[in-house]
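Summary of the model geometry
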Amino acid sequence: MAAEPDPKLIGDCVHCGFCLPTCPTYVLWGEEMDSPRGRIHLMGQRVEGTPVTPEMAGHFDACLGCMACVTACPSGVRYDRLIEQTRAVVEREHERDPQDRAVRGLVFGLFPYPRRLRLARPGTGLVRRLAPFLERAHPSLGALAALAPEVRRRQRLPRLVRARGPRRAVVGMLTGCVQGEFFPQVNAATARVLALEGCDVLIPPGQGCCGALSVHAGRPDQARRLARRTVRAFRRAGVDTVVVNAAGCGSSMKEYGELLGEEPGFRVMDLSEFLVALGPVAERHPLPVTVAYHDACHLAHAQGIRAQPRELLRGIPGLELREVPDAAICCGSAGTYNIFQPEAARDLGDRKAEAVGSTGAGLLVSANPGCTMQIAAAMRRRGAEIRVAHTAEVLDASLRGVAL
C-alpha cells in the first residue's frame, strides 16, 4: 500500500460533480470539502507538499468510505484507494487529542480480536443502559454503548459441516470478529444454508480478524498482520473459495492482493454471490413476511452486489420484498465511523431509520453486522423497533421450514 496518495489516481478526477448527490456528508452539510471532489482537491494539496492540518484531517475523518462516489463516478476514479492511502498519512502525521487517541486505542485494541470481544459479551446489556452516562465522558463512548446489541447464546461451530445430500462444492467460511461474537446465529445459519445447498463447509480455527476495520481506518500495518493470519488459516484448510457473510470483510478480502502484494491463493465470494452462482437445489418453504432489504455499502458499492441478495429473497414463497427509499445513501455505520463521528452517524442513521420505517416492513434484512447495529439503534431512538435478520437467517428459516 502506498505511503502517500497516488498522484495518478488524483489526476483521474475531472471535478465533474457527479459524486456530490451520492456522498452522505455532502448531502448532510453541502460543504465542498466534505465531498469526494473536495477531498481529492485536499489530497492534491498534500501531494504538492502541504502538511496535514487539523482542518484537513477533519475533512478526511468525516468521510464514511462508503464508496457511493465510486459507483457514481463516470471517470472511474479510485476514491476507495485514495482515501485509504490518505488516512494512513493522517494517522501517521496528525496529532489527535489524548481522549481521541484513547478511544481509538480502545476500539482497535478490542474489535479486531475475537477473544477480547468474547470477554466483553456478558456486559453488553449493562453498557447499553449506561450509554447516557458514558456519552457525558466522551461522545464516542456513548455511541459505542448505544450500539451494543443483545447478545445471543454463543454457538460453537465444528471445523467441518458436511453437505446435506450430494456434495456440489467445498468452501471455507469466514467467522469474523463482530459477526462471530455478537451475531453467532448468523454464522450458524450461513453454515446450515451452505450445507443444505450441497456444500462441505470448512471452518478453520485461528482465522482471527480479516483486517477490514484497520485498513479502512488508515492502519495498514495492523491490517496486514491480521490479513496474513487469515490467509494462513485458509491456505492450511486447502480451500479454493472462501465464503464471507459480512460486507466489509468481503470487500477487504477481495483486495488482499493489493494490501499484501500477493494474491491469497483462494477466491473470496459473498454468501449471496456464491449461492446465486451455485444455483438452488434445496426446497424453499413459505415464509409469510414483509421484508425491507438494506444495501450495505461495502456490498453494493465496493463489491457491486445488489441483485443477488434480492434474487435469493424473492425466491422464497410468501416473502414480500420492499425497497428502502434512497437505498444508496449510507446508514452511517461505515465500520468504526459511527463510533468516531457519532453526530454525523446519528443523523444518517435517523435518515435511514425513517426510510426503513416508511416501507411498513416487519423485518429488516442486512448483510453487514455494523449496519444491523446502526439501523437497529436508530429505530430504537424513533421508538419503532424492528426485527432485524441477515439474509442467511431468512434463507435458513425457509430451507428448514421454521419460523423466523
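To start, this report covers the structure provided alongside it.

Conventions used here
Residues numbered from 1 in each chain as written. Predicted model: local features only at pLDDT ≥ 70, side-chain atom pairs only at ≥ 80, totals over all residues. Heavy atoms only, no water. Pairing = 2+ DSSP bridges. Helix = DSSP H or I, 4+ residues; strand = E, 2+ residues; numbered from the N terminus. Buried < 20%, exposed > 50% of the residue type's maximum accessible area, 1.4 Å probe, protein only. Core = buried A, V, L, I, M, F, W, Y, C linked by side-chain atoms within 4.5 Å. Contact = heavy atoms within 4.5 Å. Phe/Tyr/Trp six-rings, centres within 6.5 Å; stacked < 30°, edge-to-face > 60°. Lys NZ or Arg CZ within 6 Å of the ring centre and 35° of its normal.

With respect to topology, five strands assemble into an open sheet ordered β1-β3-β2-β4-β5, the strand pairing being mixed. The sheet is open, and its two edges are formed by β1 (160–161) and β5 (267–270), each paired on a single side. Two elements, strand β4 (residues 241–244) and β5, share four bridges in a ladder whose sense is parallel. Its bridge partner lying in β5, Val 242 is registered against Val 268.

On a regular strand, each side chain points to the face opposite its neighbour's, so the side chains alternate between the two faces of the sheet. A large share of strand β2 (residues 169–173) lies buried, amounting to four of its five residues. As defined by bridge partners, β2 adjoins strand β3 (residues 199–202) across four bridges and the pair is classed as parallel. Bridge assignment links Ala 169 to a residue of β3, and that residue is Cys 199.

Of all hydrophobic cores here, the largest spans 54 residues; its most connected members are Leu 194, Phe 274 and Val 394. Of the residues forming this core, the biggest block, six residues, is contributed by helix α13 (residues 184–196). Excluding residues that lie within four positions of it along the chain, Val 394 makes contacts with Leu 287, Leu 313, Ile 316, Leu 319, Leu 363, Val 365, Ala 389 and Leu 404. Residues Leu 9, Val 52, Val 89 and Val 90 belong to the second largest nonpolar core, which totals 21 residues.

The subject of this paragraph is helix α20 (residues 307–314). Taken together, the buried positions of α20 are Gln 308, Pro 309, Arg 310, Leu 312 and Leu 313. Where the residues of α20 are buried, they touch α18 (271–278), β6 (290–293), α19 (297–300), β7 (320–323), β8 (363–366) and α24 (391–400).

Attention now goes to the packing of aromatic side chains. Note on aromatic pairs: each is described by the distance of the centres and the angle between the planes. Applying the stated criterion across every chain yields a total of two aromatic pairs. On the numbers, 5.9 Å between centres and 35° between planes, the contact of Phe 108 with Phe 340 is tilted. In this pair, Phe 108 sits in helix α7 (residues 98–110) while Phe 340 sits in helix α21 (residues 337–340), placing the two residues 232 residues apart along the sequence. Seen from the ring of Phe 340, Arg 104 lies directly overhead, with NZ or CZ sitting 4.2 Å from the centre. Lying across the ring of Tyr 113, Arg 116 places its NZ or CZ 4.1 Å from the centre.

These results come straight from atomic positions and should not be treated as a statement about function.
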